[in-house]
There are 2 protein chains.
Amino acid sequence: MHGLMQDRPLSLPMLMDGMENRFSRKHVTTTQLNGTVSASYGEVAERIRRLAGVLDHLDVPAGARVGTFGWNSQRHLELYMAVPCTGRILHTINHRLFTEDLAFIVDDAADEVLFVDRSMLDVVRPLLDTCPSVRHVVVMDDGSPTELPSDPRVHDYESLLAAARPVGRFEIADERTAAALCYTSGTTGRPKGVLYDHRSIVLHAMTLLMADTFAIGEDDTVMPVVPMFHVNAWGLPYAALMSGANLVMPGPVMSPERLVRSMEAHGVTFAAAVATVWRGILPHAEDADLSSLRRVVSGGGGLPVSLSRAFHEKVGLPLTSSWGMTETSPLVCSARVPSEQSRSLTGSDRVTALADPGPSTVLCSLRLVAEDGSPVPRDGRHRGELQVAGPTIAAAYFGGSTGASAFTEDGWLRTGDVATIDPLGVVRIVDRTKDLIKSGGEWISSVELENEIMAMPDVLEAAVIAVPDDKWGERPLACVVPVPDSGLTAESVRRHLSGRVAKWWIPEKVAVLDRLPKTASGKFAKAVLRASMISAKS
Amino acid sequence: MHGLMQDRPLSLPMLMDGMENRFSRKHVTTTQLNGTVSASYGEVAERIRRLAGVLDHLDVPAGARVGTFGWNSQRHLELYMAVPCTGRILHTINHRLFTEDLAFIVDDAADEVLFVDRSMLDVVRPLLDTCPSVRHVVVMDDGSPTELPSDPRVHDYESLLAAARPVGRFEIADERTAAALCYTSGTTGRPKGVLYDHRSIVLHAMTLLMADTFAIGEDDTVMPVVPMFHVNAWGLPYAALMSGANLVMPGPVMSPERLVRSMEAHGVTFAAAVATVWRGILPHAEDADLSSLRRVVSGGGGLPVSLSRAFHEKVGLPLTSSWGMTETSPLVCSARVPSEQSRSLTGSDRVTALADPGPSTVLCSLRLVAEDGSPVPRDGRHRGELQVAGPTIAAAYFGGSTGASAFTEDGWLRTGDVATIDPLGVVRIVDRTKDLIKSGGEWISSVELENEIMAMPDVLEAAVIAVPDDKWGERPLACVVPVPDSGLTAESVRRHLSGRVAKWWIPEKVAVLDRLPKTASGKFAKAVLRASMISAKS
């Protein structure tokens, strides 16, 4: 028997009610290259309705992908709402990827329109010739002097908005309708798209409002430093609109010094960024008045305890860790000291505890699985692959042809991370099953780097491993066995990679070795290699 | 295009994961007539699985209604989970209703099994003969000496549990599956059932965890004083299990003094009750150490500012109001001072503001509608009928034949309350469109009372109105016009009602009048009557 409750979908148009009624005087403030702009949610809602009219005007059909190359800004926020609220799919793109990957992603998504911050135009220019799906490019002028391409497909955001006919009513009848698309590099070579639906985005935002997660509320001022092209800025823009919190958007002005100044000027209470960014902010935090901050979240990779301690000393509150993936919306775990430990864990012990990912949010189920598939006890000691299930977790990749191995037969996501879970539910990540390097919050695929290096005629074998790095968390280290007497040098490897992979993927260190350790089955024994290289370094 | 997220239902079995893993050492403590019992959530989860086995053993089919007559207790909590987690429908029944209404409700729901606290057995005894649907009565021994009926249908809860075969896996594939049923007296005579589904219960519990709602978290100890037969105890048991908060259940021991002692002994941080109960607690709060309390919620009727002020003075924190109905799961509004006002509203002004229902939760949409159907502005001055929509709001009544007028053509619930909404979303209830009296948090139908009184041969006309009452919030006042020279007295009216309606419905005051004011269309002008009677009193 079915219940008799109203059939109201969990969909993004729900958020318009708050923006237009309860929270119409709350605001989003964006730092641009040419100054700071602020708008009330009432005004933003009006612009969202006009932007919806722009999409109609550009003849973008329901279900079509609308790509964005944008910093964190009010306009990007408008796209976050207008695109999915009208049944189109918001496809946020990481402009820092290598051109070849960008072309692949835009092609794979078949983006019909690209919305591009003017300061990112140079990244998009090469795509105009190679991506036939792109019918329109809408430039968002962020004060950059970058020249506009002379191409009939190029439009100006504000001109289109001014001329648009606002859309009065948004309706997404089926909450499983696709809303947003993000690509992740994942384990294997090609980036894979994760297709979120309205339901998953609304449920995810709801969890961010919970007291034991981020506790985002109407009296918060939220600063997503984490980019809006990075898993929906961890859902923070939607959480802010849902709760009525103010938003502070750093725009293209991402220098640590300016970020700190912005937090201070706008009374930011909640900020989230990858550890690398927090490390950069630290030296500037000392002289600033950051007393408005109530919570600072680090995510997108391990949080070094030393960094959190230093932050605690200088700013007066610890960084709190979190854990998630593009495939998980992303938030799965949010650091918290369980009540049973809150008396015993004080001071510096507490800071240390908050550097672990912590317990899962209420919608995520976790399990640990041993290599042979058997369950691993939650005793805080035994380790296993962390697997996740829930309505905010991906079931497959966009396109569907690749990445099936990321999902178990019973529908759980294999995270590729090896973890322990203690009896209070606190998760600790202890290793990775996948060959990926997390540098500054972004993935670098060791497999891709290896393929490129092994393509050199002078290379016999190559293995790329992650090594700890103070600034970036991890950096790739290439271990190369040359063809005897070929005269291969570290520099020639680096030169070869330049132009073949994104600049920031290129390893600073290339070790030229006689041989690589192998497992019994003939695979590179990366754990052995990592241990020997790291101990060799120290 | 559909998103590619996992198809995981929002259903109560989700909560078992937390009980069995993360929160297995958190606990529920129940005061019984014969002492206090406590059990960990791990133990309770085990008993829930056994109780599921009991339902199988009693051959209760999926979709069947399982009635409960119970105080707030661990066993009632077990029923809250085991019944819906196995696809049956939990039907909580208010034992304080009149026998005739109870018989109607059990019949209308066609309850197959009744779970009854031993101290409530006398209420259930008459139903055994009149309600043919009831195949089993399971007695939960709460230490009361009440005699057991000698009836083959009667079983003992603990004996059944001990013999049961635990159910290992709960699965509710469709989140719209009915989970719970509560009856409300509503406007017209007969009680009407509201049929919640798994989705609505889970979503409602999620909102209680939000920072701007009740902010219930793992470090809370929650005491639902509001009965578990009263709209799922406002969702608090489910919110506690979802968040891992401890629960303190008062059982049948509901004297204000004992409630205060319980809060003190168990370090209760969050408690919720109707205003009448808070009023009773007030004199006992003074000598108690209630410093563990962080939030006290009043609901189920208006919260007098004077009461909240007195509570603030004696206990150090204000009562916070809330608003909802059986039809709304129930929480729609939860008192909160919006950030724009939090600087200006301090001290006693803040206490006053928190006595209003406040802003709505994130899943509820509100609107005000004038009598002619036109929209009313949210300016804090204009008033209109409050209408509500959302996934936690009823779309129809159980059985479906009655109460259709409670819903608009476009699917909103007419609440029957007249309200204003200010630009920050704060709701204030200013009047009622319906003829109901809210006494001690429970509805009394003036229509039913009038019908009973007008059935007296000596009565010409009768109108029952609500008058303010210090203890109960409101009490009914019967205004009666006798047949001339019939010699009708107030006492004869009260005597007539005794045995025809529940004892607590009987008006303390019966005014014998010459005539009743009427509207142009000939209806009783209750507003005029109310005004004249209240001014006559003072």
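Cut-offs and rules
Residues numbered from 1 in each chain as written. Chains lettered and ligands numbered in written order. Predicted model: local features only at pLDDT ≥ 70, side-chain atom pairs only at ≥ 80, totals over all residues. Heavy atoms only, no water. Helix = DSSP H or I, 4+ residues; strand = E, 2+ residues; numbered from the N terminus. Rg over C-alpha atoms; globule rule 2.2 N^0.38 Å. Buried < 20%, exposed > 50% of the residue type's maximum accessible area, 1.4 Å probe, protein only. Contact = heavy atoms within 4.5 Å. Areas by Shrake-Rupley, 256 points an atom, 1.4 Å probe, with all protein chains shown as cover. Buried area = accessible area lost by both parts, 1.4 Å probe. Salt bridge = Lys/Arg side-chain N within 4 Å of Asp/Glu carboxyl O. Nonpolar A, V, L, I, M, F, W, Y, C, P; charged D, E, K, R; others polar. Least-squares fit on C-alpha atoms with pLDDT ≥ 70 in both. Domains from an automatic or database assignment. Axes fitted to C-alpha atoms, helices over the stretch in contact; angles between N-to-C directions. Parallel < 35°, antiparallel > 145°, perpendicular 65-115°, else oblique. Left-handed = near helix turned anticlockwise from the far one by under 90°. Arc of directions from axis to C-beta. Phe/Tyr/Trp six-rings, centres within 6.5 Å; stacked < 30°, edge-to-face > 60°. Lys NZ or Arg CZ within 6 Å of the ring centre and 35° of its normal. Polar contact = N/O pair within 3.5 Å; in protein donor to acceptor, adjacent residues only side chain to side chain. Pairing = 2+ DSSP bridges. Core = buried A, V, L, I, M, F, W, Y, C linked by side-chain atoms within 4.5 Å.

## Some words on the overall build of chain A
Phase 1: Across its full length, chain A holds 16 helices and 24 strands.
Phase 2: At 23 Å, chain A has a C-alpha radius of gyration in line with the 24 Å of a compact globule built from 538 residues.
Phase 3: Burial status across chain A gives 61% buried among its 538 residues.
Phase 4: Put simply, of all contacts in chain A between residues at least 6 apart along the chain, 68% involve residues at least 24 apart.
Phase 5: A total accessible area of about 19,900 Å² is found for chain A, and carbon and sulfur atoms account for 50% of it.

## Focus on the interface of chain B and chain A
Phase 1: Chain B puts 76 residues into the contact, and the matching count from chain A is 76 residues.
Phase 2: Summing both partners gives a buried area of about 5,800 Å² for chain B against chain A, and 52% of it is carried by carbon and sulfur.
Phase 3: On the chain B side of the interface with chain A, the three residues burying the most area are B:Met5, B:Gln6 and B:Arg22, jointly 15% of the side's total.
Phase 4: The interface formed by chain B and chain A includes eight salt bridges.
Phase 5: In this structure, the salt-bridge partner of A:Asp7 is B:Arg176, at a minimum N-O distance of 3.1 Å.
Phase 6: Taken together, the elements giving at least two residues each to the side of chain B that touches chain A come down to helix 1 (14-20), strand 9 (192-197), helix 7 (198-208), helix 8 (236-243), helix 12 (339-342) and strand 18 (384-389) of chain B.
Phase 7: It is helix 7 of chain B that contributes the most residues to the side of chain B that touches chain A, five residues altogether.
Phase 8: Split by residue class, the side of chain B that touches chain A holds 37 nonpolar, 19 polar and 20 charged.

## Quick notes on the relation of the copies chain B and chain A
Phase 1: Of the transformation placing chain B onto chain A, the axial shift is 0.0 Å and the rotation is 180°, giving an RMSD of 0.1 Å. The superposition of one copy onto the other is thereby described by a two-fold rotation axis. It is B:Met210 whose C-alpha, among those of chain B, lies nearest the rotation axis, at 1.9 Å.
Phase 2: Of the residues that chain B buries at the interface, 100% are likewise interface residues in chain A, meaning the two copies contact each other through the same surface.

## Here's the deal with the domain arrangement of chain A
Residue and element names in this part refer to chain A.
Phase 1: As assigned here, chain A comprises domain 1 (1-197), domain 2 (365-432) and domain 3 (436-537).
Phase 2: Using only C-alpha atoms to locate each centre, domain 1 and domain 2 end up separated by 32 Å.
Phase 3: Every contact between the two is made by 10 residues of domain 1 and, on the other side, five residues of domain 2.
Phase 4: For the pair domain 1 and domain 2, the two sides together bury roughly 600 Å², of which 73% comes from carbon and sulfur.

## Some words on the packing of helix 9 (residues 256-266) of chain A against helix 10 (residues 275-285) of chain A
All names here are of chain A.
Phase 1: Between helix 9 and helix 10, the shortest axis-to-axis distance is 8 Å and the interhelical angle comes to 70°. On the basis of the axis angle, helix 9 is roughly perpendicular to helix 10. Handedness of the helix 9/helix 10 crossing: right-handed. Seen from helix 9, the contacting residues are Pro256, Glu257, Leu259, Val260 and Met263; seen from helix 10, they are Val277, Trp278, Gly280, Ile281, His284 and Ala285.
Phase 2: The residue inventory of the contact of helix 9 with helix 10, partitioned by class, reads eight nonpolar, two polar and one charged.

## Here we look at helix 11 (residues 305-315) of chain A
All names here are of chain A.
Phase 1: Buried residues of helix 11: Leu307, Ser308, Phe311 and Val315, and no others. Relative to the axis of helix 11, the buried residues are bounded by an arc of 95° and lie together on one face. Seen from the open side of helix 11, the exposed residues pointing more than 90 degrees away from its buried face are Ser306 and Glu313.
Phase 2: For helix 11, the secondary structure elements touched by its buried residues are helix 10, strand 13 (295-299), strand 14 (319-324) and helix 13 (347-353).
Phase 3: Count one or two residues on from helix 11 and you reach Gly316, which has phi positive near 95°.

## As for the packing of aromatic side chains
Phase 1: This structure, assessed with the given rule, holds 12 aromatic pairs over all chains.
Phase 2: Taking the centre distance of 5.3 Å and the plane angle of 35° together, the rings of A:Tyr80 and A:Tyr238 count as tilted. With A:Tyr80 in helix 3 (residues 74-85) and A:Tyr238 in helix 8 (residues 236-243), this residue pair connects regions lying 158 residues apart in the sequence.
Phase 3: Residue class for A:Tyr238 comes out buried when judged on its relative accessible area of 1%.
Phase 4: Against the face of B:Phe170 rests B:Arg49, its NZ or CZ located 4.7 Å from the ring centre.
Phase 5: One cation-aromatic arrangement involves B:Lys192 over B:Tyr397; the distance from NZ or CZ to the ring centre is 5.0 Å.

## Describing the environment of B:Trp504
Residues and elements named next belong to chain B.
Phase 1: Mapped onto the elements of the fold, Trp504 is located in the loop between helix 15 (490-497) and strand 25 (509-512).
Phase 2: The class for Trp504 is partly exposed, based on a relative accessible area of 23%.
Phase 3: With 408 residues separating them in the primary sequence, Trp504 and Arg96 have C-alpha atoms 8.8 Å apart.
Phase 4: What Trp504 contacts, discounting residues up to four positions off in sequence, is Arg96, Ser439, Glu442, Trp443, Ile444 and Arg475.
Phase 5: Among the polar contacts listed, one links the side chain of Trp504 to the backbone oxygen of Arg96, at a separation of 3.1 Å.

## Topic: the sheet that holds strand 10 (residues 221-224) of chain B
Working definition: the strands of a sheet are paired by backbone hydrogen bonds and lie parallel or antiparallel to each other.
All names here are of chain B.
Phase 1: Pairing is mixed in the open sheet, where seven strands are placed in the order 2-1-11-10-12-13-14. The outermost strands of the open sheet, each flanked by one partner alone, are strand 2 (35-40) and strand 14 (319-320).
Phase 2: As paired strands, strand 1 (residues 27-32) and strand 11 (residues 246-249) are joined by three bridges and run parallel to one another. Looking at strand 11, one finds that Thr29 is bridged to Val248.

## Considering the sheet that holds strand 9 (residues 192-197) of chain A
Residues and elements named next belong to chain A.
Phase 1: The seven strands lie next to each other as 7-6-5-3-4-8-9, forming an open sheet whose pairing is mixed. Each having just a single partner strand, strand 7 (154-156) and strand 9 make up the two edges of the open sheet. Geometrically, the sheet is characterised by an average inter-axis angle of 25° between neighbouring strands, direction not taken into account.
Phase 2: Note that strand 6 (residues 136-140) and strand 7 share three bridges and pair parallel. Paired with Val139 across the strands is Asp156, a residue of strand 7.
Phase 3: Its contacts with the sheet place helix 3 against strand 3 (65-69), strand 4 (89-92), strand 5 (113-117), strand 6 and strand 8 (178-184), and it is angled at close to 145° to strand 4.
Phase 4: Across the sheet, helix 7 (residues 198-208) touches strand 8 and strand 9, and the angle it forms with strand 9 is around 75°.

## Quick word on the packing of helix 3 (residues 74-85) of chain B against helix 8 of chain B
Residue and element names in this part refer to chain B.
Phase 1: Helix 8 packs onto helix 3 with a crossing angle of 80° between their chain directions and a minimal axis gap of 10 Å. It follows from the interaxial angle that helix 3 and helix 8 lie roughly perpendicular. Touching Leu77, Tyr80, Met81 and Pro84 of helix 3 are Pro237, Tyr238 and Leu241, all from helix 8.
Phase 2: Considered class by class, the residues forming the contact of helix 3 with helix 8 number seven nonpolar, no polar and no charged.

## Things to note about the nonpolar core
Side chains of a nonpolar character, in soluble globular proteins, are inclined to be buried together.
Phase 1: Core analysis: the largest hydrophobic core is formed by 188 residues, its most contacted members being A:Phe115, A:Ile216, B:Phe115 and B:Ile216.
Phase 2: Ignoring anything within four residues of it in the chain, the contact list for B:Ile216 reads A:Ala211, B:Leu208, B:Leu209, B:Val222, B:Leu236, B:Ala239, B:Ser243, B:Ala245, B:Phe270 and B:Arg294.

## A few points about the pattern of salt bridges
Phase 1: Tallied over the full model, the rule gives 56 salt bridges over all chains.
Phase 2: The salt bridge partner of A:Asp197 is A:Arg176, with a shortest N-O separation of 2.8 Å. Taken together, the positions of A:Asp197 in strand 9 and A:Arg176 in the loop between helix 6 (157-163) and strand 8 put the pair 21 residues apart, joining distant regions of the chain.
Phase 3: One salt bridge connects B:Arg47 with B:Glu78, and the closest N-O pair in it is separated by 2.6 Å. Linking B:Arg47 in helix 2 (residues 41-57) with B:Glu78 in helix 3, this pair joins segments that are 31 residues apart in sequence.
Phase 4: Overall, the relative accessible area of 18% leaves B:Arg47 in the buried class.
Phase 5: Salt bridges sharing partners connect three or more residues here, namely A:Lys26, A:Glu218, B:Asp212 and B:Arg336.

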